[in-house]
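Per-entry structural report
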Amino acid sequence: MTTIALIGPGAIGGTVAAWLAQDPNIEVTVCARTPFTDLQVETPQGLITATPKIITNPADATPVDWVLIATKTYDADATKPWLDHLVADHTRVAIIQNGVEHERLFAHLVPASRIVPVIINLPAARSAPGRIAQHRHGIIAVPAGQNGEEFATLFAKTEIEASAHADFISEAWLKLTGNSIAIVPSLTLRATGPVWNPDLEAIVRGVVEECAAVGRAEGATISQDFVEQAIANSRNMAEGSSAGSLHADRLAGHPMEVDARNGVIVRLGQKHGIPTPMNKVLVTLLAASGAPWIEKA
């Protein structure tokens, strides 16, 4: 029996926990702030349910084989009370978060050799604690190596496709490059497609080109075709479409992962001497808009 504890049962974390709990050889514990009774996820394959152990007090936690962290990036330090009880010498910790700095955010909490950064594409929305709608098939990427490969095998009996990649850094930066554009509709609160014009295209192109340039400097392979496709996706964004979690968090009045999504482009751009004026302007404007967000140094 493999024991797993998931911290952060939001839309992504709750969906992952529900799928893993379908495997009788996996015992799932959910670490939550708000108590609830069970998980119900409407997936593209139909409704799945799960009744994992749900705890709200870190003192009730015991060591497990795997800890999966699916909190927002700015909540890294808030996981420490859980990690203090869940992590033993054999425990590995998978970080399922946005951005490209999984290891940096948790290096002071968990030995680096036991951290598995996870890139996930799993469109989902939570309507209430334990109640989630999964909109499309899920895909997970992790680094090659024993830890990553053993993490991927946890999903063998799920409908989430998990695989280990020798070039994980490219997987991470490709996702960030595609997601970097979301700052634009998060600022305007409008889909980009219906208001598309040459000036807006120049802004979108600036954001994504800067991200790709920084990603390449970090060692990622990002083709120009990928950049053009990301811009085309923005051009074709339909009215009423969600721009993802950044947009949704602003609409809900929640703190936003601006630093993990676009601030990191500016910070790492400075490290490599790459100008990132478009991302810097939009990050500054989003902060000045009064929208709640948390900046990390």
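Keep in mind that this is a model prediction, so the values were computed, not measured.

Listed under "domain: Ketopantoate reductase N-terminal" (unreviewed entry) in the UniProt record, and renumbered for this structure, are residues 4-144. The span residues 4-144 carries 16% helix and 38% strand; its end-to-end C-alpha distance comes to 21 Å.

Another aspect to go through is the domain arrangement of the chain. Annotation of the chain at the domain level lists domain 1 (2-165) and domain 2 (168-289). Listed per partner, the contact involves 17 residues of domain 1 and 16 residues of domain 2. One salt bridge connects Asp249 with Lys72, and the closest N-O pair in it is separated by 2.9 Å. Joining domain 1 to domain 2, the criterion identifies 7 residue pairs in polar contact (both at pLDDT 80 or more).

Let us look at the sheet that holds strand β3 (residues 39-43). The strand order across the open sheet formed by 4 strands is β4-β3-β10-β9, and the pairing between neighbours is mixed. The strands lining the two open edges of the sheet, one partner per strand, are β4 (46-50) and β9 (124-128). On average, each strand axis in the sheet is inclined to that of its neighbour by 20 degrees, with strand direction left out of account. By the bridge criterion, 4 bridges tie β9 to strand β10 (residues 131-134) in an arrangement that is antiparallel. Note on β10: the bridge partner recorded for Ala128 is Arg131. Against the sheet, helix α1 (residues 11-20) touches β3, β4, β9 and β10, its axis set at about 95 degrees to β3.

Bringing the sheet that holds strand β7 (residues 92-96) into the picture now. Spatial strand order, β5-β2-β1-β6-β7-β8-β11-β12: 8 strands in an open sheet with mixed pairing. Across the chains shown, the open sheet's two edge strands, defined by having one partner strand only, are β5 (53-55) and β12 (160-165). The average angle at which neighbouring strand axes cross in this sheet is 25 degrees, direction not considered. Running at roughly 160 degrees to strand β11 (residues 138-143), helix α4 (residues 146-153) makes contact with β6 (66-69), β7, β8 (115-121), β11 and β12 of the sheet. Its contacts with the sheet put helix α5 (residues 168-180) on β8, β11 and β12, and the angle it makes with β8 is roughly 45 degrees.

In this section: α5. Think of an α-helix as turning once every 3.6 residues; residues three or four places apart then point the same way. Given a rise of 1.5 Å per residue, 13 residues ought to cover 18 Å, and the 18 Å separating the end C-alpha atoms of α5 matches this to within 8%. Within the sequence span of α5, burial applies to Phe168, Ser170, Ala172, Trp173, Lys175, Leu176, Thr177 and Ser180.

Moving on, we come to the environment of Val142. Relative to the elements of secondary structure, Val142 occurs in strand β11. The exposure class assigned to Val142 is buried, which follows from its relative accessible area of 0%. Remark: the alpha-carbon pair of Val142 and Ile96, spanning 46 residues in sequence, is separated by 9.8 Å. What Val142 contacts, discounting residues up to four positions off in sequence, is Val116, Pro117, Val118, Gly148, Phe151, Ser163, Ala164, His165 and Phe168.

What follows deals with unusual backbone geometry. Excluding glycine, residues mostly have negative phi values, and the peptide bonds linking residues are mostly trans. For Leu189, which is not glycine, the phi dihedral falls at a positive 60 degrees. With respect to the helices and strands, the residue Leu189 is situated in the loop between α6 (183-188) and α7 (198-217).

On to the layout of surface pockets, then. Estimated volume of the second largest pocket: approximately 210 Å³. Taken together, 13 residues line the second largest pocket, and the ones lying closest to its centre are Val100, Glu101, His102, Glu103 and Trp173. Sorting the residues of the lining of the second largest pocket by element identifies α3 (102-106), α5 and α10 (258-272) as the ones contributing at least two each. By residue number, the principal contributor to the lining of the second largest pocket is α5, which donates 4 residues.

So, about the pattern of salt bridges. Counted by the stated rule, this structure contains 15 salt bridges. When the shortest N-O distance is used, the salt bridge between Lys157 and Asp23 registers 4.0 Å. Separated by 134 residues along the polypeptide, Lys157 in the loop between α4 and β12 and Asp23 in the loop between α1 and β2 (26-31) bring together distant segments of the chain. Take Asp23: its relative accessible area is 11%, and that puts it in the buried class. Between Arg92 and Glu150 there is a salt bridge, and its shortest N-O distance comes to 2.6 Å. In this pair, Arg92 sits in strand β7 while Glu150 sits in helix α4, placing the two residues 58 residues apart along the sequence.

Thresholds, definitions, all that
Residues numbered from 1 in each chain as written. Predicted model: local features only at pLDDT ≥ 70, side-chain atom pairs only at ≥ 80, totals over all residues. Heavy atoms only, no water. UniProt positions renumbered as here; feature names shortened; annotations may be inferred. Helix = DSSP H or I, 4+ residues; strand = E, 2+ residues; numbered from the N terminus. Domains from an automatic or database assignment. Contact = heavy atoms within 4.5 Å. Salt bridge = Lys/Arg side-chain N within 4 Å of Asp/Glu carboxyl O. Polar contact = N/O pair within 3.5 Å; in protein donor to acceptor, adjacent residues only side chain to side chain. Pairing = 2+ DSSP bridges. Axes fitted to C-alpha atoms, helices over the stretch in contact; angles between N-to-C directions. Expected span 1.5 Å × (residues − 1). Buried < 20%, exposed > 50% of the residue type's maximum accessible area, 1.4 Å probe, protein only. 1 Å grid on protein atoms, 1.4 Å probe; cavity = no way out; pocket = protein on both sides within 12 Å on 5 of 7 lines; lining within 4 Å. Points joined across faces, edges and corners; volume = space filled by probe spheres on them.

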